[in-house]
Amino acid sequence: MKKKMPRWFYQLASPKWFYEFTSALLPWFSAAAILLLVTGTIWGLVFAPADYQQGNSFRIIYIHVPASILAQSCYVMMAVAGAIGLIWKMKIAHVVAGACAPIGASIAVMSLATGAIWGKPTWGAWWVWDARLTSMLVLLFLYIGVIALNSAFENKASADKATAILSLVGLVNIPIIKYSVEWWNTLHQPATFTVTAKPAMPPEMWLPLLVMVLGFYCFFAVILMSRARVEVLQREKRTDWVKKVIQNY
Amino acid sequence: MGYFSSVTDFLQMGTHGLYVWLSYGIALVIFIYNIFSAYWLKRQYFINAKRRLRREQGTV
């Protein structure tokens, strides 16, 4: 028994509707991203108090945690979009999944790099082969694998399918990253934000962090939409509405 | 100035200036890279698409 999907689901599947809808969203997300990131950075760098143990190196948290959260959410989004594309044969979903990969890879690099830099003054080492760090490195390799696989096919439909399957298989790494700090003995500290408990740090420390996390998400939305829009135009280049867009550009 | 007693104090971040500024620098570079690559993608698309469209219309 197949249930009918709501109307917006089919609308979203229309490339033209997607293009117009994201045109309307882009300025709002851009403004929000700038506002949140500037506020969060100044708040975190200048006004948040230093950690009593880690001193000022603690301020790296305002980059490292949002980057790590985003790198993982982006992966989940890529896999879910790929699954939607596979199940409902929705091309837009594949477009979105394809746009996720390069952004996610760059953000995973940010997470690993800032983590290494934070590790030096805190643990005394740039890198340790610890469960959290290793599983995060695997996430980066998965992104690179998805990008490489996607570009290995001449045929777009085969590339879409293959990358969707690879991202779905790689999804198993996400809970491993999440629980790595609980399952194994690790140097890495546990999560700052959890759904069930209040953060262990005072509000003047975690509020700017929350602002940064939201800012990272808005930034991601802006870049994702921009990349997906170009891909939509590329795939629909034979249609009349795309020709009109090109002429008016 | 916020939590810090002076601008020098802020720039030095206690003894962690190098680590903090390096992290924020890397983040900035990756942000700029993302903005620039998305912009570049769009620019290249429209340059090529306009050329193709002109060529197609020229032959009709």
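Just so it is clear, the model here is predicted, and its values are computed rather than measured.

1. Details of the environment of Thr239(A)
Residue and element names in this part refer to chain A. Position of threonine 239 relative to the elements: it lies in the loop between helix 8 (203–235) and helix 9 (240–248). Given the relative accessible area of 24%, threonine 239 is considered partly exposed. Here tryptophan 241 takes part through its side chain, which lies 3.4 Å from a polar atom of the side chain of threonine 239.

2. Quick word on unusual backbone geometry
Its identity is not glycine, yet Lys89(A) carries a phi of approximately 50°, on the positive side. Counting through the fold element by element, Lys89(A) comes out in the loop between helix 3 (61–88) and helix 4 (91–123). Using a relative accessible area of 66% as the deciding quantity, one classes Lys89(A) as exposed. Unusually for a residue other than glycine, Met13(B) sits at a positive phi of about 50°. With respect to the element layout, Met13(B) can be found in the loop between helix 1 (7–12) and helix 2 (17–59).

3. Focus: the packing of helix 3 of chain A against helix 5 (residues 131–151) of chain A
Residue and element names in this part refer to chain A. Viewed as axis vectors pointing N to C, helix 3 and helix 5 meet at an angle of 40°, and their least axial separation amounts to 11 Å. In terms of orientation, helix 3 and helix 5 fall into the oblique class. Considering the relative orientation of helix 3 and helix 5, their crossing is left-handed. Between helix 3 and helix 5, the residues in contact are Ser68, Ala71, Gln72, Cys74, Tyr75 and Met78 and Met136, Leu139, Leu142, Tyr143 and Val146, respectively.

4. Some details on the confidence of the model for chain A
On average, residues of chain A score 91 in pLDDT, and 97% of them are at 70 or above. No element of chain A has a lower mean pLDDT than helix 1 (residues 7–13) of chain A, at 70, and none a higher one than helix 3 of chain A, at 96.

5. Considering the packing of helix 5 of chain A against helix 7 (residues 173–183) of chain A
All names here are of chain A. Where helix 5 meets helix 7, the closest approach of the two axes is 8 Å, and the angle between their N-to-C directions is 160°. It follows that helix 5 is roughly antiparallel to helix 7 by the angle criterion. Of the two elements, helix 5 crosses helix 7, and the hand of that crossing is left-handed. Along the contact surface, helix 5 presents Ala131, Arg132, Ser135, Met136, Val138, Leu139 and Leu142, while helix 7 presents Asn173, Ile174, Ile176, Ile177, Lys178, Ser180 and Val181. A class-by-class count of the residues in the contact of helix 5 with helix 7 yields nine nonpolar, three polar and two charged.

6. Examining the interface of chain B and chain A
If you look at the interface, chain B gives 33 residues, while chain A gives 44 residues. Ranking the residues of chain B by area buried against chain A places Tyr24(B), Phe31(B) and Tyr45(B) at the top, with a combined share of 20%. Across the chain B-chain A interface, the total number found is one salt bridge. Our count for the contact surface shared by chain B and chain A stands at ten residue pairs in polar contact (both at pLDDT 80 or more). Among the elements that take part in the side of chain B that touches chain A, helix 2 of chain B stands out by supplying 25 residues, more than any other.

7. So, the side chain of Arg59(A)
Residues and elements named next belong to chain A. Topologically, arginine 59 is positioned in the loop between helix 2 (15–47) and helix 3. Reaching out from arginine 59, the side chain makes a polar contact with the backbone oxygen of glycine 44 at a distance of 2.8 Å. A polar side-chain atom of arginine 59 sits 2.8 Å from the main-chain carbonyl oxygen of alanine 48.

Basis of the calculations
Residues numbered from 1 in each chain as written. Chains lettered and ligands numbered in written order. Predicted model: local features only at pLDDT ≥ 70, side-chain atom pairs only at ≥ 80, totals over all residues. Heavy atoms only, no water. Helix = DSSP H or I, 4+ residues; strand = E, 2+ residues; numbered from the N terminus. Buried < 20%, exposed > 50% of the residue type's maximum accessible area, 1.4 Å probe, protein only. Polar contact = N/O pair within 3.5 Å; in protein donor to acceptor, adjacent residues only side chain to side chain. Axes fitted to C-alpha atoms, helices over the stretch in contact; angles between N-to-C directions. Parallel < 35°, antiparallel > 145°, perpendicular 65-115°, else oblique. Left-handed = near helix turned anticlockwise from the far one by under 90°. Contact = heavy atoms within 4.5 Å. pLDDT = per-residue confidence, 0-100. Nonpolar A, V, L, I, M, F, W, Y, C, P; charged D, E, K, R; others polar. Buried area = accessible area lost by both parts, 1.4 Å probe. Salt bridge = Lys/Arg side-chain N within 4 Å of Asp/Glu carboxyl O.

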